[in-house]
Amino acid sequence: MSSPVHVRPARASDVDAIQAMLAPEVDAGTVLPRVVQPHEFLVAELGGELVGVVAMSQWTTEVVELGALVSTQRGRGVGRRLVRAVLERATTDGFRSVVALTSIDRWFVRLGFVPHSAAPWELASRQPMLVTRSEPHLDAAVCWKASAVCAGCARLAQCRQRMMVRSVSMPSRQVA
Ligand SMILES: CC(C)(COP(=O)(O)OP(=O)(O)OC[C@H]1O[C@@H](n2cnc3c(N)ncnc32)[C@H](O)[C@@H]1OP(=O)(O)O)[C@@H](O)C(=O)NCCC(=O)NCCS
């Protein structure tokens, strides 16, 4: 049976609702603050109601970031459906990998993501070129980008997030 959760690109008229969904998670530190640009967001609807959101931000020609993932109807498959939609769109758009900076790394592992050896806060304080030498699947540009995102974060000193990576060549139906 297909999921009743419907995912679609965000529209300009969704911006207030997206901001309202993100605000408590940003305050709680689970989601990084970001400017809501509708073209970067997908939204999930359940029964015509907005119940989830996720952002896609291009980091390099090959890598897109998944961020600002929030579900307001927990445990009903909204989160997984949004991640699958990101993977499908990343495939269509020709990206090779999706990265996510997150503290719920085990949840992402269930969706086929693997942890990068360097945590984002480490990248912000180390030489990304040295980090990527041992992990050629993620090029230095990605680590520089993660480093730049994290360097400006007010919570960097307390950060326990990880950078999770998933190849989009793995069929999304094979996991979770
Ligand atoms: C993470 C999140 C998006 C999941 O949304 P969801 O709609 O509940 O996801 P799903 O229904 O697809 O998955 C539910 C499963 O995830 C697990 N889960 C939910 N939140 C979790 C968390 N914070 N840590 C670990 N597992 C979690 C549930 O226990 C459930 O497990 P089950 O399938 O074994 O029953 C949602 O919990 C959320 O909005 N969290 C706050 C924001 C956040 O942390 N975002 C991620 C930042 S990258």
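Just so we're clear, the structure is a prediction, and the values are computed from it rather than from any experiment. (Residues numbered from 1 in each chain as written. Predicted model: local features only at pLDDT ≥ 70, side-chain atom pairs only at ≥ 80, totals over all residues.)

Student: Tell me about the nonpolar core, and please be specific about residues and values.
Tutor: L42, V53, V54, L82, V86, V98 and V99 are the most contacted members of the largest nonpolar core, which has 52 residues in total. Per element, the largest residue contribution to this core is seven residues, and it comes from helix α2 (residues 78–92). Not counting residues up to four positions away in its chain, the partners in contact with V53 are I18, M21, L22, F41, V43, A68 and V70. (Core = buried A, V, L, I, M, F, W, Y, C linked by C-beta atoms within 7 Å. Buried ≥ 20, exposed ≤ 12 C-beta atoms within 10 Å, placed from the backbone. Helix = DSSP H or I, 4+ residues; strand = E, 2+ residues; numbered from the N terminus. Contact = placed C-beta atoms within 7 Å.)

Student: How would you summarise the site of the ligand if you had to cite specific residues and measurements?
Tutor: Taken together, 18 residues lie around the ligand, and S71, R74, V78, G79 and R80 are the ones closest in. Looking at the shell around the ligand, the elements with two or more residues in it are β4 (63–71), α2, β5 (97–102) and α3 (105–109). Partitioning the shell around the ligand into residue classes produces seven nonpolar, six polar and five charged. (Near = placed C-beta within 6 Å. Nonpolar A, V, L, I, M, F, W, Y, C, P; charged D, E, K, R; others polar.)

Student: Go over the environment of T30 with me, naming the residues and quoting the values.
Tutor: Checked against the element boundaries, T30 lands in the loop between α1 (15–28) and β2 (41–46). In this structure T30 comes out as partly exposed when scored by C-beta crowding, with 15 C-beta atoms within 10 Å. Separated by 73 residues in the primary sequence, T30 and S103 have C-alpha atoms spaced 7.2 Å apart.

Student: Account for unusual backbone geometry, naming residues and giving values.
Tutor: One non-glycine residue, A68, adopts positive backbone phi at about 50°. Within the secondary structure, A68 sits in strand β4. On the neighbour-count criterion, A68 (22 C-beta atoms within 10 Å) is buried.

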